[in-house]
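Topology and contacts: notes
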Amino acid sequence: MSLTADGKVAQRPARELLALRGPRVLHGTGHATRHEPIEIGQVGHTFDLTAVLVPDTTGTSGLRLITSTDGAEYLDISLDPTAGRLVVDRTHASPDARARGGAYTAPCPTAKRPNTPVELRVIVDRSIAEVYLAEEQVLTLRFYPSTDGPWRLQARTTGSGRSEFAVAAWNLAPLDIRKVSQPARWAAQSA
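Here the residue numbers are simple positions, counted from 1 along each chain's written sequence. Totals for whole chains, interfaces and linings use every residue, but because this is a predicted model, local features are given only for residues with pLDDT of at least 70 and side-chain atom pairs only at 80 or more, for both listing and counting. Neither water nor hydrogens contribute to the side-chain values; these are computed over all heavy atoms in the structure.

Regarding the overall build of the protein chain
- Helices and strands together make up the secondary structure of the protein chain, namely one helix and 14 strands.
- For the exposure calls, accessible area comes from a 1.4 Å probe over protein chains only, and a residue counts as buried if that area is under 20% of its type's maximum, exposed if over 50%, partly exposed in between. Counting the 191 residues in the protein chain, one finds 40% classified as buried.
- Working rule for contacts: check all heavy atoms of both residues, and any pair within 4.5 Å makes them a contact. In the protein chain, of all internal contacts separated by at least 6 residues, the share reaching a separation of at least 24 is 65%.
- To measure how exposed things are, a 1.4 Å probe is used in the Shrake-Rupley method; for residues, cover is taken only from the protein chains shown. Of the roughly 10700 Å² of accessible surface on the protein chain, a fraction of 52% belongs to carbon and sulfur atoms.
- In this tally, Asp and Glu contribute negative charge and Lys and Arg positive charge; neither His nor the terminal groups of the chain are included. One atom stands in for each charge, and that atom is NZ of Lys, CZ of Arg, CG of Asp or CD of Glu. Of note, the protein chain has its 22 positive side-chain charges centred 3 Å away from the centre of its 20 negative side-chain charges. What counts as a helix is a DSSP run of H or I of at least four residues, what counts as a strand is a run of E of at least two, and both are numbered from the N terminus.

Here's the deal with empty space enclosed by the protein
- Buriedness of a pocket was judged along seven lines, with at least five required to meet protein on both sides within 12 Å; pockets are open sets of points on a 1 Å grid over the protein atoms alone, cavities are sets where a 1.4 Å probe fits but cannot get out, and lining residues have an atom within 4 Å of a point. Grid points are joined across faces, edges and corners, and a volume is the space filled by probe spheres set on the points. Under the counting rule described, the total for this entry stands at one cavity of 30 Å³ or more.
- There is about 40 Å³ of room inside the largest cavity.
- Every residue along the wall of the largest cavity is listed here: F47, L49, L63, L65, I77, V122, V124 and L153.
- Those elements giving two or more residues to the lining of the largest cavity turn out to be strand 5 (46-54), strand 6 (61-66) and strand 10 (118-125).
- A class-by-class count of the residues in the lining of the largest cavity yields eight nonpolar, no polar and no charged. Residues were grouped as follows: Ala, Val, Leu, Ile, Met, Phe, Trp, Tyr, Cys and Pro as nonpolar; Asp, Glu, Lys and Arg as charged; and all remaining residues, including Gly, as polar.

With respect to the pattern of salt bridges
- Salt bridge, as applied in this entry: a Lys or Arg side-chain nitrogen positioned within 4 Å of an Asp or Glu carboxyl oxygen. Taken as a whole, this structure holds six salt bridges when the rule is applied.
- Here R64 and D76 are joined by a salt bridge, their closest N and O atoms 2.7 Å apart. A residue pair is termed long-range when its members are at least 10 positions apart, and R64 in strand 6 and D76 in strand 7 (residues 74-80) qualify at 12 residues. For the residue pair R64 and D76, the accessibility class agrees, reading buried in each case.
- Via salt bridges that share partners, R21, D48 and R121 belong to a single interconnected network.

Quick word on the sheet that holds strand 12 (residues 137-142)
- Strand pairing is assigned whenever DSSP identifies at least 2 bridges connecting the two strands. Pairing in this open sheet of six strands is antiparallel, and the strands run 3-14-5-10-11-12 from one edge to the other. Of all strands in the sheet, those with a lone pairing partner are strand 3 (21-33) and strand 12, marking the two edges. Averaged over all pairs of adjacent strands, the angle between their axes in this sheet comes to 15°, without regard to strand direction.
- Here six bridges tie strand 10 to strand 11 (residues 128-133), and the two strands are oriented antiparallel to one another. Across the sheet, D125 pairs through a bridge with I128, a residue of strand 11. Axis angles are defined between N-to-C directions and span 0 to 180 degrees, where every axis is a line fitted to C-alpha atoms and, for a helix, only to the segment in contact.

A look at the side chain of T116
- With respect to the helices, strands and loops of the structure, T116 is situated in the loop between strand 9 (103-107) and strand 10.
- Distance and chemistry together define a polar contact, namely a pair of N or O atoms within 3.5 Å, with one atom able to donate a hydrogen and the other to accept it when in protein, and with adjacent residues in sequence counting only for side-chain atoms on both sides. Polar contacts involving the side chain of T116 include one to the main-chain carbonyl oxygen of R113, which spans 3.2 Å.

What to know about the sheet that holds strand 9
- Strand order in the open sheet made by the six strands is 4-13-6-7-8-9, with antiparallel pairing throughout. This sheet does not close on itself; its edge strands, each paired only once, are strand 4 (38-43) and strand 9. The average undirected angle you get between the axes of adjacent strands in this sheet is 15°.
- With six bridges connecting them, strand 6 and strand 7 associate as antiparallel partners. The partner of I66 across the bridge, within strand 7, is Y74.

Brief notes about the packing of aromatic side chains
- Each pair of aromatic rings taken from Phe, Tyr and Trp, with Trp reduced to its six-membered ring, is defined by centres within 6.5 Å and is described as stacked if the planes are under 30 degrees apart, edge-to-face if over 60, and tilted in the remaining cases. If you walk through the whole model with that rule in mind, you get one aromatic pair.
- When the centroid spacing of 6.1 Å and the interplanar angle of 55° are considered together, the rings of F143 and W151 count as tilted.
- On the basis of relative accessibility, which here comes to 2%, the residue F143 falls in the buried class.
- Relative accessible area serves as the criterion here: at 1%, W151 is assigned to the buried category.
- Put simply, a charge is over a ring when the Lys NZ or the Arg CZ is close to the ring centre, within 6 Å, and near the line of the ring normal, within 35 degrees. A cation sits over an aromatic face here: R21 above W170, 3.7 Å from the ring centre.
- For the cation-ring pair, R64 lies above Y74, with the distance from its terminal atom to the ring centre recorded as 3.7 Å.

Below you can see the structure in the form of structure tokens.
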């Protein structure tokens, strides 16, 4: 967290998270229509994703993280240009009765401007998702997927036009703490 020049609180993922990125597992650009959601590719259960979305102004547009092979479990991350909001909906994220459903929202005035790209960063660690919108908004939530199979990502829109997207994702891998701590220990011993 930091303060911007105008005194607002800015939030962004820690830089150290970049060191956990493995090779890029997906990269896709294109457009989706209401009748043609686009399969972007598979991600692991722990990943870091960047996205640039240009929403369809006639409906909601965004990404769907599908966590079950039959497509029944998913987390929707979308832009609502009419309301000028980012919406993260976990209504269909888990069949477990103990899991809370519902949608989280954050203001996104940029989504109201036609043909204007909106940048997102999404970090998922199994059942926790953090969705960053610019540096001023972040939504953190739990979504409790119930399956261990492969997860996949789609670009979608509910509008009558088309939604543009550019997405890249990296699976995250834990650092080998022995390799990280070794140089620090040598530095301490030689001081």
